[in-house]
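# What the coordinates show
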Amino acid sequence: MRHALDIPEPVVEPVTVAERVEDSGYLVICWDDPVNFMEYVTHVFQTVFGWDKAKAQKHMLEVHNQGRSVLTREGFEKAEFHVHCLQQYHLLATMERAE
């Protein structure tokens, strides 16, 4: 018969710096397309990311002028979520492993 005092305490291992970097190792990228208007893209960035208009316009202009913009760096699940949201608005968005 075991007593409550005989139960070992759980071991909690701290998260290392490498594991934290690993968790935020995905870039969310929006690519230029010939379909969406610049004002619409700005609106979508504001809606999805909660950005103010100036930041949303900065990224929209990167997409327009450079063909793409790295919107954020996140963990896998959050990056995947953002890509899905952007695609729901018919923007061309992908995610890739950060180097």
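Described below are features of the structure shown in this document. Keep in mind that what you see is a predicted model, and the values were worked out from it rather than measured.

### Remarks on the pattern of salt bridges
The full count for this structure, using the stated rule, is one salt bridge. Here Glu62 ties to Lys58 by a salt bridge, and the two come within 3.0 Å at their closest N and O atoms. Taken together, the residues span about one helical turn, with Glu62 and Lys58 both in helix H3 (residues 53-66) at a distance of four residues. By relative accessible area, which is 44% here, Lys58 ends up partly exposed.

### A short note on helix H4 (residues 76-88)
Between its terminal C-alpha atoms H4 stretches 18 Å, which fits the 18 Å expected from 13 residues at 1.5 Å a residue. Buried residues of H4: Ala79, His82, Val83, Cys85 and Leu86, and no others. Along the axis of H4, the buried residues cluster in a sector spanning 160 degrees; they form a single face. Every exposed residue of H4 that faces more than 90 degrees away from the buried side is listed here: Glu77 and Gln88. Tucked into the core, H4 has its buried residues touching strand S1 (26-31), helix H2 (38-49), strand S2 (68-74) and strand S3 (92-97). Taken from the residues just after H4, His90 is the one with a positive phi, measuring 70 degrees.

### Digging into the environment of Gln66
Topologically, Gln66 is positioned in helix H3. Residue class for Gln66 comes out exposed when judged on its relative accessible area of 62%. For the pair Gln66 and Trp31, spaced 35 residues apart in the sequence, the C-alpha separation amounts to 9.0 Å.

### Section: unusual backbone geometry
A positive phi angle is found at His90, which is not glycine, with a value near 70 degrees. Inspection of the secondary structure puts His90 in the loop between H4 and S3. Using a relative accessible area of 63% as the deciding quantity, one classes His90 as exposed.

### Some remarks on the sheet that holds S1
As summarised here, the arrangement of the three strands in space is S2-S1-S3, forming an open sheet in which the pairing is antiparallel. In this open sheet, the two strands that pair with only one neighbour each are S2 and S3. Averaged over neighbouring strand pairs, the angle between their axes works out to 25 degrees when direction is ignored. Judged from the six bridges that link them, S1 and S3 form a sheet pairing that is antiparallel. For Trp31, the partnering residue across the bridge sits in S3 and is Leu92. Contacts from H3 reach S1 and S2, with the element oriented near 135 degrees to S2. Each of S1, S2 and S3 is contacted by H4, which is oriented at about 165 degrees to S3, the strand it contacts most.

About the thresholds
Residues numbered from 1 in each chain as written. Predicted model: local features only at pLDDT ≥ 70, side-chain atom pairs only at ≥ 80, totals over all residues. Heavy atoms only, no water. Salt bridge = Lys/Arg side-chain N within 4 Å of Asp/Glu carboxyl O. Helix = DSSP H or I, 4+ residues; strand = E, 2+ residues; numbered from the N terminus. Buried < 20%, exposed > 50% of the residue type's maximum accessible area, 1.4 Å probe, protein only. Expected span 1.5 Å × (residues − 1). Arc of directions from axis to C-beta. Contact = heavy atoms within 4.5 Å. Pairing = 2+ DSSP bridges. Axes fitted to C-alpha atoms, helices over the stretch in contact; angles between N-to-C directions.

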